[in-house]
Amino acid sequence: MIPFTYARATDVADAVRRGGAEAARYLGGGTNLVDLMRETIERPDILVDVTGLSHAITERDDGGLLIGAATSNTALAEHRAVRTRYPALSRAIVAGASAQIRNMATVGGNLLQRTRCAYFYDEAGAHCNKRHPGDGCDAMDGFNRMHAILGASPSCVSVHPSDMCVALAMLDAQVHLEAPASTRRLPLTELHRLPGDRPDVETHLAPGELITAIELPAASLAVRSTYRKVRDRASYAFALVSVAAALEVEEGRVKEVRIALGGVAHKPWRAWTAEAALLGQPATEASFAAAAQAELAAARPLKDNGFKIELARRTMVAVLGELAGEAV
Amino acid sequence: MTISVNGVEAMLPSDPRVSLLDLLREQLGLSGTKKGCDQGACGACTVLVDGERILSCLALAVQYDGRSVTTIEGLGTAECPHPLQSAFIAHDGFQCGYCTPGQICSAMGMIEEVRRGTPSHVTSDITAEVIPFSRDEVRERMSGNLCRCGAHNGIVDAIATLLPEAAE
Ligand SMILES: Cc1cc2nc3c(=O)[nH]c(=O)nc-3n(C[C@H](O)[C@H](O)[C@H](O)COP(=O)(O)OP(=O)(O)OC[C@H]3O[C@@H](n4cnc5c(N)ncnc54)[C@H](O)[C@@H]3O)c2cc1C
Ligand code: SF4
Ligand code: FES
Ligand code: FES
């Protein structure tokens with residue numbers, strides 16, 4: 001780890017003032033950043049600890065929920081309002097990492113955690129455009145079983161590893177952002193970028209911009225939502241494919257639906273195409289399969305990950321079927 | 001800048017790169033907490049901070065200013081072991097013992113999480129106020145603690161003695 005200075009932010013203004021410095025980084029639970037600093041993949045000069053900022057979960061007048069960015073993953077997953085009104089979010093969080101890591105990890109840090117592509121982690125031995133733009137991508141012709149099937153580019157085929165973000169993308173969450181001269185919010189689906197020819201630029205955040213909170217809209221639909229994660233072992237593994245979905249059926253037809261996929265792309269993947277294909281259709285397995293097929297028409301397999309296309313299709317059908325079963 | 005470790009105040013390191021794990025082992029001589037992977041993958045370094053289980057290898061010590069840490073040394077002694085330590089002995093919850101301090105600290109944190117109703121990946125009704133308890137729940141909740149000797153059955157048996165609902 002290269003030397004750095006450490007400061008604990010006392011409030012949002014203090015955090016963005018310090019975080020605006022070049023080579024400053026915000027520090028949440030450190031479960032991703034400290035690991036990457038030890039590997040010298042991340043090399044900040046200044047760490048601004050933001051775990052002392054808001055970790056409140058508050059009800060909005062409009063029925064939504066505001067969640068401070070310093071809230072721990074555990075505190076969010078176990079909160080009553082989240083478990084009862086946004087069950088997919090609780091399920092997604094407890095499907096990720098281990099209890100110890102979820103106790104440390106913050107909401108802000110979970111959003112901005114970096115890919116687990118093994119070549120990205122191999123600073124000494126592998127070429128990676130995300131670490132060193134223009135250096136090439138060893139995953140492209142390497143071992144790419146865990147990599148992307150949607151939205152990838154010739155520069156980078158890595159996936160975003162977060163489970164929580166998949167549920168947030170499905171739930172239409174908004175991200176509250178703060179910088180010295182601006183306060184704004186961004187839909188979670190517009191926070192992360194596809195790799196394009198700049199895989200090193202992972203989000204639409206300005207340098208030094210701080211995530212202060214996420215906001216969940218009031219949503220009766222979300223009450224019937226769930227999250228399913230398919231992985232190589234039953235626990236403590238990253239997703240091969242995951243699906244977050246919410247469904248409302250009226251008189252046998254799909255009245256409202258939201259679907260997002262994890263483990264398939266450089267960002268949490270909102271399945272807009274499948275959603276549009278399902279609206280008004282009979283809530284049957286045949287419709288679910290057709291919608292999944294439509295979403296995955298754009299999928300492109302790499303050498304080792306072709307199985308993900310079929311796995312994503314089947315998982316989408318199974319999750320929608322489960323929700324439709326509950327809805328009748 | 002101080003940190004309380006097993007009830008004793010200690011100075012935090014001046015170098016912010018020092019992990020809580022290295023502070024415990026190298027500067028305070030508390031070698032009960034183990035370093036397995038140093039990257040968050042094995043759970044051997046698990047300690048309790050204000051009662052919550054965390055991984056000390058991924059924790060920068062400076063971040064824990066003013067907090068209260070409990071390690072295996074703070075739970076019990078050879079003469080006066082914690083009931084969970086005795087249960088690990090009675091149920092063969094270890095072989096080489098390398099993962100054991102982490103397993104025991106993790107189990108202490110887990111029991112508290114279950115008491116306050118934290119759901120897990122295998123909790124079927126995520127809205128339930130009280131978690132119906134089972135061996136599957138123990139296994140899932142302890143999945144962040146690996147044991148290369150494969151003593152998992154004994155570990156679950158030992159933990160179950162503190163959670164009578166899980167015994168069946
Ligand atoms: C062994 C292991 C297994 C894991 N398995 C899973 C898994 O299965 N599923 C899953 O989803 N995750 C998994 N994770 C990842 C884990 O969820 C993340 O490491 C964690 O959520 C990151 O949160 P943090 O607060 O520790 O972030 P940090 O490590 O502190 O920070 C991560 C990034 O976010 C930035 N940041 C933090 N807070 C803010 C803020 N408020 N505003 C702007 N930027 C900010 C930091 O600068 C840094 O770039 C695993 C991690 C490990 C080590
Ligand atoms: S897939 Fe992306 S992160 Fe992985 S080696 Fe290629 S450029 Fe790097
Ligand atoms: S040493 Fe901390 S998790 Fe392995
Ligand atoms: S007892 Fe040897 S690693 Fe668990």
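As named in an unreviewed UniProt entry, chain B is (2Fe-2S)-binding protein, taken from Azorhizobium oxalatiphilum.

An unreviewed UniProt entry annotates chain A as Oxidoreductase of Azorhizobium oxalatiphilum.

Caption draft 1: Structural view of the overall build of chain A. Scanning chain A for helices and strands turns up 12 helices and 12 strands. Over its C-alpha atoms chain A spans a radius of gyration of 19 Å, differing by no more than 12% from the 20 Å that the globule rule assigns to 328 residues. In terms of overall dimensions, chain A has C-alpha extents of about 60 × 50 × 35 Å along its principal axes. Relative to its 328 residues, chain A shows a buried fraction of 58%. Sequence separation of 24 or more characterises 63% of the internal contacts of chain A that already satisfy a separation of 6 or more.

Caption draft 2: Region of the structure containing the sheet that holds strand S11 (residues 253-262) of chain A. Residue and element names in this part refer to chain A. Spatially, the 4 strands line up as an open sheet ordered S9-S10-S11-S12, and their pairing is antiparallel. The open sheet terminates on both sides in strands that have one partner only, identified here as strand S9 (225-230) and strand S12 (269-270). Across 6 bridges, the pairing between S9 and strand S10 (residues 241-250) is antiparallel. Residue pairing in the sheet places Ser225 in a bridge with Ala246 of S10.

Caption draft 3: Seen up close, the domain arrangement of chain B. Residue and element names in this part refer to chain B. The domain boundaries assigned to chain B delineate domain 1 (2-74) and domain 2 (83-166). When each unit is reduced to the centre of its C-alpha atoms, the spacing between domain 1 and domain 2 is 21 Å. Listed by partner, the interface residues are 17 residues for domain 1 and 17 residues for domain 2. Roughly 1300 Å² of surface becomes buried between domain 1 and domain 2 when both sides are summed, with 53% attributable to carbon and sulfur atoms. Along the contact surface separating domain 1 from domain 2 lie 2 salt bridges. Between Glu52 and Arg116 there is a salt bridge, with the nearest N and O atoms lying 3.3 Å from each other. Counting the contacts that link domain 1 with domain 2 gives 9 residue pairs in polar contact (both at pLDDT 80 or more). Counting residues per element, the ones that place at least two in the side of domain 1 that touches domain 2 are strand S3 (46-49) and strand S4 (52-55). When residues of the side of domain 1 that touches domain 2 are assigned to their parent elements, the largest contribution, 3 residues, is made by S3. Classifying every residue of the side of domain 1 that touches domain 2 gives 6 nonpolar, 7 polar and 4 charged.

Definitions and limits used
Residues numbered from 1 in each chain as written. Chains lettered and ligands numbered in written order. Predicted model: local features only at pLDDT ≥ 70, side-chain atom pairs only at ≥ 80, totals over all residues. Heavy atoms only, no water. Helix = DSSP H or I, 4+ residues; strand = E, 2+ residues; numbered from the N terminus. Rg over C-alpha atoms; globule rule 2.2 N^0.38 Å. Buried < 20%, exposed > 50% of the residue type's maximum accessible area, 1.4 Å probe, protein only. Contact = heavy atoms within 4.5 Å. Pairing = 2+ DSSP bridges. Domains from an automatic or database assignment. Buried area = accessible area lost by both parts, 1.4 Å probe. Salt bridge = Lys/Arg side-chain N within 4 Å of Asp/Glu carboxyl O. Polar contact = N/O pair within 3.5 Å; in protein donor to acceptor, adjacent residues only side chain to side chain. Nonpolar A, V, L, I, M, F, W, Y, C, P; charged D, E, K, R; others polar.

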